[in-house]
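Residue-level structure breakdown
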Amino acid sequence: MAQPLMPKATAVWLIDNTGLSFRQIAAFTELHELEIQAIADGDVGQGIVGLDPVANGQLTKEEIARCEKDPREFLKMAKSDLPRPRALLLDLRLVALVRRLVRHRLHGLLLP
């Protein structure tokens, strides 16, 4: 399963705004269950502002309600219509070449 955007902030929001178990939140955010408990106790993440996964399109209200009714169920990431980003692999030699070209062109622009 794909990890949600900003998992600790998502965990803070889920702890504060839902009745989900620590195990369910830990499985969704891919954090350890003890870390979720520490966030709930206030030992970890005191300055972290909660991030609403419903507003971000990562979860639906129906999915949260389904998992609140049955503690054995786990949250599933909502399907997105957006295309998945592709990993951009660049050859390090190409990056160095581009940097030299940019530096050369900037040098030519600065000097008369």
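Residues numbered from 1 in each chain as written. Predicted model: local features only at pLDDT ≥ 70, side-chain atom pairs only at ≥ 80, totals over all residues. Heavy atoms only, no water.

With that settled, the discussion passes to a nonpolar patch on the surface. On the surface, Leu94, Leu97, Val98, Leu101 and Val102 cluster together into a nonpolar patch covering about 390 Å² of accessible area. By the secondary structure assignment, Val102 is in helix H5 (residues 92-110). (Patch = residues over 30% accessible without salt bridge, like charges linked within 9 Å, V, L, I, M, F, W, Y side chains within 5 Å. Areas by Shrake-Rupley, 256 points an atom, 1.4 Å probe, with all protein chains shown as cover. Salt bridge = Lys/Arg side-chain N within 4 Å of Asp/Glu carboxyl O. Helix = DSSP H or I, 4+ residues; strand = E, 2+ residues; numbered from the N terminus.)

Before going further, it helps to spend a moment on the packing of helix H1 (residues 7-17) against helix H3 (residues 33-41). Direction vectors running N to C along H1 and H3 enclose 60 degrees, while the axes themselves pass 10 Å from each other. By the angle class used here, H1 and H3 are oblique. As for the relative orientation of H1 and H3, their crossing is right-handed in sense. Here H1 contributes Lys8, Ala11, Val12 and Ile15 to the contact with H3, which in turn contributes Glu35, Ile36, Ile39 and Ala40. Among the residues making up the contact of H1 with H3, the classes are represented as six nonpolar, no polar and two charged. (Axes fitted to C-alpha atoms, helices over the stretch in contact; angles between N-to-C directions. Parallel < 35°, antiparallel > 145°, perpendicular 65-115°, else oblique. Left-handed = near helix turned anticlockwise from the far one by under 90°. Contact = heavy atoms within 4.5 Å. Nonpolar A, V, L, I, M, F, W, Y, C, P; charged D, E, K, R; others polar.)

So, on to the pattern of salt bridges. Scanning all chains against the criterion turns up five salt bridges. As a salt-bridge pair, Arg23 and Glu33 come within 3.6 Å of each other at their nearest N and O atoms. Linking Arg23 in helix H2 (residues 22-29) with Glu33 in helix H3, this pair joins segments that are ten residues apart in sequence. For Glu33, a relative accessible area of 32% translates into the label partly exposed. Residues Arg72 and Asp70 are paired through a salt bridge, measuring 3.3 Å at the closest nitrogen-oxygen approach. The class of Arg72 is exposed, set by a relative accessible area of 69%. Salt bridges sharing common partners tie together Glu63, Arg66 and Glu73. (Buried < 20%, exposed > 50% of the residue type's maximum accessible area, 1.4 Å probe, protein only.)

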